[in-house]
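These are the residues of each chain, in order.
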Protein chains: 2
Amino acid sequence: MAGHGARGRSGRRPTLEEVAARAGVGRGTVSRVINGSPRVSDATRAAVEAAVAELGYVPNTAARALAANRTDAIALVVPEPETRFFAEPYFSDMLRGVGAELAETEMQLLLIFAGSDRERRRLAQYLAAHRVDGVLLVSVHAGDPLPDLLAQLEIPAVISGPRSEDETLPSVDSDNHGGGRSAVEHLIARGRTRIVTITGRLDVYGAQRRAEGYRAALRDAGREVDEALIAPGDFTEEGGHRAMTHLLAHCPDLDAVFAESDVMAAGARQALREAGRRIPDDVALVGYDDSVIARHMDPPLTSVRQPIEGMGRAMIDLLLHEIADDRPAASRALDRRQVVLPTELVVRDSS
Amino acid sequence: MAGHGARGRSGRRPTLEEVAARAGVGRGTVSRVINGSPRVSDATRAAVEAAVAELGYVPNTAARALAANRTDAIALVVPEPETRFFAEPYFSDMLRGVGAELAETEMQLLLIFAGSDRERRRLAQYLAAHRVDGVLLVSVHAGDPLPDLLAQLEIPAVISGPRSEDETLPSVDSDNHGGGRSAVEHLIARGRTRIVTITGRLDVYGAQRRAEGYRAALRDAGREVDEALIAPGDFTEEGGHRAMTHLLAHCPDLDAVFAESDVMAAGARQALREAGRRIPDDVALVGYDDSVIARHMDPPLTSVRQPIEGMGRAMIDLLLHEIADDRPAASRALDRRQVVLPTELVVRDSS
DNA sequence: AGGTACTGTGGGAGCGCTCCCATGGATGAT
DNA sequence: ATCATCCATGGGAGCGCTCCCACAGTACCT
């Protein structure tokens, strides 16, 4: 596989210059062939390719990076401790999409965790050294200084889940609004009349959008939106339990719950059990994320699925464009690239 | 944090040369300071450090890599599909150890999956380009050509789990022999008399060692080793079930089972259940790996734990030495570095 | 006083590539 | 036949660093 021709134990790797000599052409021409420039005659190209094969030539990445001022590497930055990274299937799905899309290219993917302060300092140093051509940002919390740092260093970046309506970074997101709407439309179609919702942390933009989707679905069905039926959660199981308990107290005749994350749905389910409500007979329950717990819940939970792998692919797509785009950053900011991917409602027994 | 002094929107990063000019010294001196050479006077060092801070200087990695012929990066190569990587806590633990040990250094860790043929070709290309200073190999199967490729390219590497008694690569392993022995000694201490074992795939060196540990423990207790009590498994749940069924048929009076992996223990447990044997009353059961399933089994499984995080640390240790060691590979091969870490028996209700 | 040894320092050379300008031959228009 | 154009091609310059040799200065011996 590797180790053609004369090389092997020599230890020295052939250089462009040597390939050029062997092929009887100049250095520039070999470079053009290696980089797939069209400005090379077929005969010359063939000769160079033969020389490359004979010598087992492999370009020196460091030299290329130095001369061309690019690294051919991009980083997937995860501002979470590694533990969460492994625990949540979200990241693994995302990684699969990113990896698949990147396989087409010569780009190398780096996985960087920035959960602790120490790791974040390291990351800052790393970015300052421009060791990557671009950055993929996942699960960034509001107020995180990372996006600004990237902008200041003028490093192309794409964020998953815009931080607000007017996110300045190119972003990829699933259709939270549509997802929330589809959950509620489903409940309406099932004949439910008193539909409540448990929202996520409203400083997360996506959570707001889900809640707005809830409202939109009700309005479109000609129903009135009762703000008392909307309880804020915080994406945790306890939060879901608390919100559900609150809702049951203030609105005992509810017959459907849209929990805006599966984890909160698990908390809500517990609270409903404690209140003696049966699922789905007395109360229908719909979650969001279609995570593992959705499938394993009793009864299995209807949930809104996001196309996470597709989001990963889309992020790479955007980022590669961003990197290729060598216009000054100022004008680039004009065409805000925001990709929104559709969600899918996965109906199970809970509704 | 980043973006001191004049830099920021300029786009151009300061170079060594500029730092030198600013500090009123030569290029070489700045390089010495940056690289922590002791051959610099305190006054000069201070001046250079000030200039570095003022200019916000960050070394250019590509230039350094080119000039010094090193990359300051090492790769953790996982010859498995990503799915398994995320599924098995083994990798996550390993990664934690590796990351912790590496945090002390300037080294950058790359995670490379080589599950598919395509990925393997990519990896070969990657290694041929010498894009890393060293490689960490985990869960390598017998017959894998990767170790040879690394040897041929003269890339320092460390393997977790030697492939045989005379592994040529530096390796880190847990004490499989001692682990197997401790499991059986425990069963003996508990008063069990007819102890059987289900081995792993015997083409895996570690599996052989565990089985030998079983034999050693029996011999040391003055008991005779009956080869009929040893059934080969294959590390799968079905294999464990099959082996257990076989053992029950041929040795109905067995009162203890040492399954050489937790997964096989799960299979064995099922077979014991089907045969109406109670655990631990009729039959004691011990597994190996102390994986998640051990804790969650009914009854919770006694199991042999390997210090995986520690193994990760040890691998980095070995590898960094290997990299620092610039003696020719031939003489280096003489001092085979093999680290073996002790295991720990975690006793639960199954024994 | 001269010699030796060491220490801190400056700067040339060179790592292997890309970028770009210059060159020369082929092609087509006049 | 003449000139402008258009390739394909060669090779100089330079990317930012490390390595190493040379040199001045100081210290300590004869």
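It should be noted that the structure appears before, not after, this text.
All values derive from a computational prediction rather than experimental measurement. (Residues numbered from 1 in each chain as written. Chains lettered and ligands numbered in written order. Predicted model: local features only at pLDDT ≥ 70, side-chain atom pairs only at ≥ 80, totals over all residues. Heavy atoms only, no water.)

### Re the nonpolar core
In summary, soluble globular proteins display a tendency toward joint burial of nonpolar side chains. Residues Phe85 and Leu136 of chain A together with Phe85 and Leu136 of chain B are the most contacted members of the largest nonpolar core, which totals 52 residues. Not counting chain neighbours up to four residues away, the residues in contact with Phe85 of chain B comprise Phe86 of chain A together with Val78, Phe91, Leu95, Leu111 and Phe113 of chain B. Counting 44 residues, the second largest nonpolar core, distinct from the first, contains Val77 and Leu127 of chain A together with Val77 and Leu146 of chain B. (Core = buried A, V, L, I, M, F, W, Y, C linked by side-chain atoms within 4.5 Å. Buried < 20%, exposed > 50% of the residue type's maximum accessible area, 1.4 Å probe, protein only. Contact = heavy atoms within 4.5 Å.)

### Looking at the sheet that holds strand β9 (residues 284-288) of chain B
Residues and elements named next belong to chain B. Read from one edge of the open sheet, six strands run β7-β6-β8-β9-β10-β12, paired in mixed fashion. Every interior strand has two partners, whereas the edge strands, β7 (230-232) and β12 (344-346), have only one. Sheet twist, expressed as the mean angle between neighbouring strand axes with direction ignored, is 20°. Along the sheet, helix α10 (residues 205-220) makes contact with β6 (195-199), β7, β8 (256-259) and β9, crossing β6 at roughly 170°. (Pairing = 2+ DSSP bridges. Helix = DSSP H or I, 4+ residues; strand = E, 2+ residues; numbered from the N terminus. Axes fitted to C-alpha atoms, helices over the stretch in contact; angles between N-to-C directions.)

### Things to note about the protein's contact with DNA strand C
Taken together, 26 residues sit near DNA strand C, with Leu16, Arg27 and Tyr57 of chain A together with Thr29 and Thr44 of chain B positioned nearest. Each atom of DNA strand C within 4 Å of the protein was classed as base or backbone; sugar and phosphate made up 59%. Within the backbone of Gly26 of chain B, an N or O atom sits 2.6 Å from a phosphate oxygen of DNA strand C. Going through the elements one at a time, α2 (27-34) and α4 (61-68) of chain A together with α2 (27-34) and α4 (61-68) of chain B are the ones with two or more residues in the surface near DNA strand C. Its residues assigned to classes, the surface near DNA strand C shows 10 nonpolar, 10 polar and six charged. (Near = heavy atom within 4 Å. Polar contact = N/O pair within 3.5 Å; in protein donor to acceptor, adjacent residues only side chain to side chain. Nonpolar A, V, L, I, M, F, W, Y, C, P; charged D, E, K, R; others polar.)

### Quick notes on the side chain of Ser160 of chain A
All names here are of chain A. One can find Ser160 in strand β4 (residues 157-160). At 3.3 Å, the side chain of Ser160 forms a polar contact with the side chain of Tyr90. Residues in contact with Ser160, not counting those within four places in the same chain, are Tyr90, Met94, Leu137, Val138, Ser139, Val172 and Met315.

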